[in-house]
Amino acid sequence: MNSNKPVPERMCVACRQMKPKSQLTRIVFNKAENRVFIDNTGKQNGRGCYLCKSKQCVQKFAKIKNFEKVLGFNVSSELLARLEENVEQD
Ligand SMILES: [Zn+2]
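Rules behind the numbers
- Residues numbered from 1 in each chain as written.
- Predicted model: local features only at pLDDT ≥ 70, side-chain atom pairs only at ≥ 80, totals over all residues.
- Heavy atoms only, no water.
- Helix = DSSP H or I, 4+ residues; strand = E, 2+ residues; numbered from the N terminus.
- Buried < 20%, exposed > 50% of the residue type's maximum accessible area, 1.4 Å probe, protein only.
- Phe/Tyr/Trp six-rings, centres within 6.5 Å; stacked < 30°, edge-to-face > 60°.
- Donors = N, O, S within 2.8 Å, 3.2 Å for Na, K, Ca; no water.
- Tetrahedral: all angles 85-135°; square planar, octahedral: opposite > 155°, others 65-115°.

Novice: Go over the environment of Asn4, please, and point to the residues and values.
Specialist: As for its position among the elements, Asn4 is in the segment before strand 1 (9-11). Residue class for Asn4 comes out exposed when judged on its relative accessible area of 76%. Taking C-alpha positions, Asn4 is 35 Å from Val36, a pair spaced 32 residues apart along the chain.

So this is what it looks like as structure tokens:
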């Protein structure tokens with residue numbers, strides 16, 4: 001309540017809500033290497049998007065059609081499995 005520091009917020013690509021970066025998983029697409037991966041450091045190069053660390057959003061994310069059109073890259077089942085591992089339980 002007494003925090004005046006602005007917390008950097010990013011939009012979840014699934015639910016489109018703004019959330020503090022710490023509550024989101026960063027997914028990065030490295031075009032040069034044609035690789036999509038989870039960036040836990042937040043410092044990897046590439047085009048990124050953010051996803052809540054919630055089961056609902058991972059499931060919603062998995063249902064996005066035309067990933068390539070929406071996000072600019074395709075999402076593999078391996079990445080989805082990794083995202084599910086990243087979900088934080090309450
Ligand atoms: Zn979300």
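Once you've had a look at it, read on.
Novice: Account for the packing of aromatic side chains, naming residues and giving values.
Specialist: Inspection of every chain in the model, using the stated rule, returns one aromatic pair. A ring pair is formed by Phe29 and Phe73, whose centres lie 5.4 Å apart and whose planes are at 35 degrees; its orientation type is tilted. Here Phe73 lies in the loop between helix 2 (67-71) and helix 3 (77-86) and Phe29 lies in strand 3 (residues 24-30), a separation of 44 residues in the sequence. The buried category is assigned to Phe29, whose relative accessible area is 9%. Residue classification places Phe73 among the buried residues on the basis of a relative accessible area of 3%.

Novice: I'd like to hear about the coordination of the zinc ion, residue by residue, with values.
Specialist: Six octahedral donors around a metal ideally make angles of 90 or 180 degrees; four tetrahedral donors ideally make 109.5 degrees. In this structure, Cys12 (SG), Cys15 (SG), Cys52 (SG) and Cys57 (SG) serve as the protein donors to the zinc ion, at separations of 2.2 to 2.4 Å. Note that the zinc ion binds four donor atoms; their angles at the metal cover 102 to 117 degrees, and the shape is tetrahedral. Donor residues binding the zinc ion come from one chain and are separated in sequence as C-x2-C-x36-C-x4-C. A residue pair is termed long-range when its members are at least 10 positions apart, and Cys15 in the loop between strand 1 and strand 2 (18-20) and Cys57 in helix 1 (residues 55-62) qualify at 42 residues. Residue classification places Cys15 among the partly exposed residues on the basis of a relative accessible area of 22%.

Note that all results are geometric; they support no functional claim without further evidence.
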